[in-house]
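Residue strings, one per chain:
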Amino acid sequence: ECLMPSKLYGVLAAGVPMIVLAPPECELAQIVERHQLGSVCPPGETLVRDIAGAVRKWRNDRERRIIAGSAARELAEREFDRQIVTGQFGELLNRIHATE
């Protein structure tokens, strides 16, 4: 989890649930599912229907939006803070450099 789509960090920090358009096996989708941060809509024939369903689900459940948003903000602070992520990236670069 060293690099993710840059929009992820802003959405997490905003503390709101997200609707992710991604294959379920990708790391981004797995993070969203594992931490219950929103909905994952995989590409395919039902994508439009899946997005509409996710929007309705989140629109109609205020309590669930609050819980997912809080979980997102907590995850941002705990695992994706700039210092944490840049430290992880630095460690990765050091490991790569050490193997050369």
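Residues numbered from 1 in each chain as written. Predicted model: local features only at pLDDT ≥ 70, side-chain atom pairs only at ≥ 80, totals over all residues. Heavy atoms only, no water.

**Structural notes on the overall build of the protein chain**
- Within the protein chain one finds 5 helices and 2 strands.
- Put simply, the protein chain runs from its N terminus to its C terminus through helices and strands in the order α-β-α-β-α-α-α.
- With the C-alpha coordinates aligned to their principal axes, the bounding extent of the protein chain is approximately 50 × 30 × 20 Å.
- Within the protein chain, the fraction of its 100 residues that count as buried is 25%.
- In the protein chain, once contacts between residues fewer than 6 apart in sequence are set aside, the share between residues at least 24 apart is 47%.
- Of the roughly 6,800 Å² of accessible surface on the protein chain, a fraction of 55% belongs to carbon and sulfur atoms.
- Between the averaged position of the 13 positive side-chain charges in the protein chain and that of its 14 negative side-chain charges there is a distance of 9 Å. (Helix = DSSP H or I, 4+ residues; strand = E, 2+ residues; numbered from the N terminus. Buried < 20%, exposed > 50% of the residue type's maximum accessible area, 1.4 Å probe, protein only. Contact = heavy atoms within 4.5 Å. Areas by Shrake-Rupley, 256 points an atom, 1.4 Å probe, with all protein chains shown as cover. Lys, Arg positive; Asp, Glu negative; His and termini not counted. Charge placed at Lys NZ, Arg CZ, Asp CG, Glu CD.)

**With respect to the nonpolar core**
- If you look at the biggest cluster of nonpolar residues, it comprises 17 residues, and the most contacted ones within it are L12, M18, V32 and L37.
- Elements supplying a minimum of two residues to this core: α1 (6-14), β1 (18-21), α2 (27-34) and α4 (62-79).
- Looking at which element gives the most residues to this core, the answer is α2, with 4 residues.
- With residues near it in sequence (within four places) discarded, L12 still touches M18, L37, A72, R73, L75, A76 and F80. (Core = buried A, V, L, I, M, F, W, Y, C linked by side-chain atoms within 4.5 Å.)

**So, the state of the cysteines**
- Under the criterion given, the structure shown has 0 disulfides.
- Note on C26: no disulfide assigned, nearest cysteine sulfur contributed by C41 at a separation of 12 Å.
- On the accessibility criterion, C41 (2% relative accessible area) is buried. (Disulfide = S-S within 2.5 Å.)

**Section: α4**
- Given a rise of 1.5 Å per residue, 18 residues ought to cover 26 Å, and the 25 Å separating the end C-alpha atoms of α4 matches this to within 8%.
- Listing the buried residues of α4 in full gives A68, G69, A72, L75 and A76. An end-on view of α4 places all buried positions within 125 degrees of arc, on one side of the element. Projecting away from the buried face of α4 at angles above 90 degrees are the exposed residues E63 and I67.
- If you follow the buried residues of α4, they end up packed against α1, α2 and α3 (47-59). (Expected span 1.5 Å × (residues − 1). Arc of directions from axis to C-beta.)

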